[in-house]
Amino acid sequence: MSAGDVILEVAGLRKYFPVRNVWKRRVGWLRALDDVSFSVRRGEILGIVGESGCGKSTLGKTLMGIHTATAGRVVFEGHDIARLKPHQSRRFREHLQYCYQDPGASLDPRWTIRGSLHEPLIVHTDLPRPEREARVREMLRAVGLPETHLDLYPHEISGGQQRRVGLARILTLKPSVVILDEPTSGLDVSVQATILQLLLSLQRQFGLTYLFISHDLSVVRLICDRVAVMYLGRIVEIGSTGAVFTTPRHPYTQSLLAAIPVIGGRRVTETFALEGEPPSPTNLPSGCRFRTRCPKAQPLCAQRDPPLRADWPDQQAACHLAD
Ligand SMILES: Nc1ncnc2c1ncn2[C@@H]1O[C@H](COP(=O)(O)OP(=O)(O)O)[C@@H](O)[C@H]1O
Ligand SMILES: [Mg+2]
């Protein structure tokens with residue numbers, strides 16, 4: 001297969017969580033992912049952006065099989081893995097890895113770094129111990145940590161070093177696609193920069209494809225080839241980073257971009273700040289889900305749910321009115 005072919009294809013993906021009352025009866029559904037479709041090309045960095053609660057982590061976890069999809073297809077390296085039972089999908093999912101938003105969550109405080117790095121290899125492979133140890137040391141070097149760290153516990157290293165260990169742990173399984181969930185959130189700005197540099201160098205060294213989940217648009221603009229904008233469980237705009245950032249088509253993308261500060265420049269598009277909170281994903285508006293906050297909304301927007309329109313080069317947007 002050549003560079004740039006589709007490595008991961010997601011079609012009509014849904015993840016609904018049951019909403020229960022105090023008697024544990026289901027009284028509704030929370031639509032965390034509601035008909036999400038996109039594809040990822042081998043070797044690219046695809047950014048996933050959107051406000052807190054729009055479904056970014058649910059997307060990552062559903063792709064990984066941590067959550068079972070309610071509906072839809074996830075075709076990874078030619079196999080539909082969405083409906084497979086965990087034991088059936090394990091051998092495909094080894095090559096698709098999810099890096100947790102909170103690195104503390106993936107490192108057991110009772111285990112040394114060595115223990116945490118050996119564990120995925122024990123679970124997923126039958127490599128003998130000396131070979132596991134060699135791979136663990138190779139990955140520790142790749143993420144820029146000294147071998148002396150192998151005998152330390154998570155609380156003995158810094159937050160930035162914990163992220164590096166989290167990455168090394170994932171890389172031991174030789175993945176092709178890595179889902180990075182807010183990989184730099186909660187870190188000092190200087191540490192953020194070194195982690196981003198590390199991610200880029202690991203990508204080159206191991207030929208990785210990244211799904212880069214973030215709410216930090218300036219970071220996404222810096223490192224992503226393409227970007228998908230999510231709102232209430234749906235992709236409302238997707239396209240090349242250049243196109244989305246210079247000519248955002250969806251009013252939601254326009255307002256997100258208006259919220260990031262610009263130094264010494266004017267914006268290309270007419271923009272506005274976003275007001276209020278998004279509606280609840282348990283009770284979505286009729287028609288377009290953004291219309292209750294959209295300054296351009298028309299009667300049509302309450303009647304019809306807009307599909308993603310591919311009316312522009314390198315860009316698609318789900319809006320009746322975008323031009
Ligand atoms: N395990 C769960 N059970 C029920 N609801 C959930 C669960 N995980 C996430 N949600 C809900 O799904 C929506 C999307 O959450 P999430 O994917 O974490 O958003 P993001 O990562 O974009 O901040 C939110 O409304 C959240 O409350
Ligand atoms: Mg999240």
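Please refer to the structure placed before this passage.
Residues numbered from 1 in each chain as written. Chains lettered and ligands numbered in written order. Predicted model: local features only at pLDDT ≥ 70, side-chain atom pairs only at ≥ 80, totals over all residues. Heavy atoms only, no water.

A.B. asks: Where do I start with the site of ligand 1 in this structure?
C.D. replies: Every residue lining ligand 1 is accounted for by Phe17, Leu30, Ala32, Glu51, Ser52, Gly53, Cys54, Gly55, Lys56, Ser57, Thr58 and Pro281. In this structure, an oxygen atom belonging to ligand 1 sits 2.9 Å away from a side-chain N or O atom of Lys56. In the environment of ligand 1, an oxygen atom lies 2.5 Å from a nitrogen or oxygen atom belonging to the side chain of Thr58. Protein coverage of the free-state accessible area of ligand 1, which is 560 Å², stands at 62%. Every element with two or more residues in the shell around ligand 1 is listed here: strand E2 (26-41) and helix H1 (56-64). For the shell around ligand 1, the class distribution of residues is five nonpolar, five polar and two charged. (Near = heavy atom within 4 Å. Polar contact = N/O pair within 3.5 Å; in protein donor to acceptor, adjacent residues only side chain to side chain. Areas by Shrake-Rupley, 256 points an atom, 1.4 Å probe, with all protein chains shown as cover. Helix = DSSP H or I, 4+ residues; strand = E, 2+ residues; numbered from the N terminus. Nonpolar A, V, L, I, M, F, W, Y, C, P; charged D, E, K, R; others polar.)

A.B. asks: Sorry if this is basic, but what is going on with the packing of helix H6 (residues 159-171) against helix H7 (residues 189-206) here?
C.D. replies: Each pair of packed helices gets described by two things: the angle between the helix axes and the distance between those axes. Packing of H6 against H7 leaves a shortest axis separation of 10 Å and a crossing angle of 15°. Taken together, the axis directions place H6 and H7 in an arrangement best described as roughly parallel. Here H6 runs over H7; the crossing is right-handed. Counted together, Gly160, Arg163, Arg164, Leu167 and Leu171 of H6 and Val191, Thr194, Ile195, Leu198, Leu199, Leu202 and Phe206 of H7 form the full contact between these two elements. Its residues assigned to classes, the contact of H6 with H7 shows eight nonpolar, two polar and two charged. (Axes fitted to C-alpha atoms, helices over the stretch in contact; angles between N-to-C directions. Parallel < 35°, antiparallel > 145°, perpendicular 65-115°, else oblique. Left-handed = near helix turned anticlockwise from the far one by under 90°. Contact = heavy atoms within 4.5 Å.)

A.B. asks: Please clarify how helix H10 (residues 251-258) should be interpreted in this entry.
C.D. replies: Since the α-helix turns once every 3.6 residues, residues separated by three or four places project in the same direction. Taken across its eight residues, H10 has seven buried, putting it largely inside the fold. Inspection of H10 places Pro251, Tyr252, Thr253, Gln254, Ser255, Leu256 and Leu257 among the buried residues, and these make up the whole buried set. Against the buried residues of H10 lie helix H8 (217-223), strand E9 (226-231), strand E10 (234-240) and helix H9 (241-246). (Buried < 20%, exposed > 50% of the residue type's maximum accessible area, 1.4 Å probe, protein only.)

A.B. asks: Is there a simple way to think about the pattern of salt bridges in this case?
C.D. replies: Pairing between side chains of opposite charge can happen when the charged atoms of each approach one another. Evaluation of the coordinates by the stated rule reveals 19 salt bridges. Here Arg114 and Glu133 are joined by a salt bridge, their closest N and O atoms 3.2 Å apart. One end of the pair, Arg114, is in helix H4 (residues 113-124); the other, Glu133, is in helix H5 (residues 129-142), and 19 residues separate them in sequence. Looking at Arg114, the relative accessible area reads 18%, which means it is buried. In the salt-bridge network here, residues are joined through shared partners; they are Arg14, Arg31, Asp34, Asp35, Arg234, Arg289 and Asp305. (Salt bridge = Lys/Arg side-chain N within 4 Å of Asp/Glu carboxyl O.)

The analysis is restricted to geometry; functional conclusions fall outside its scope.
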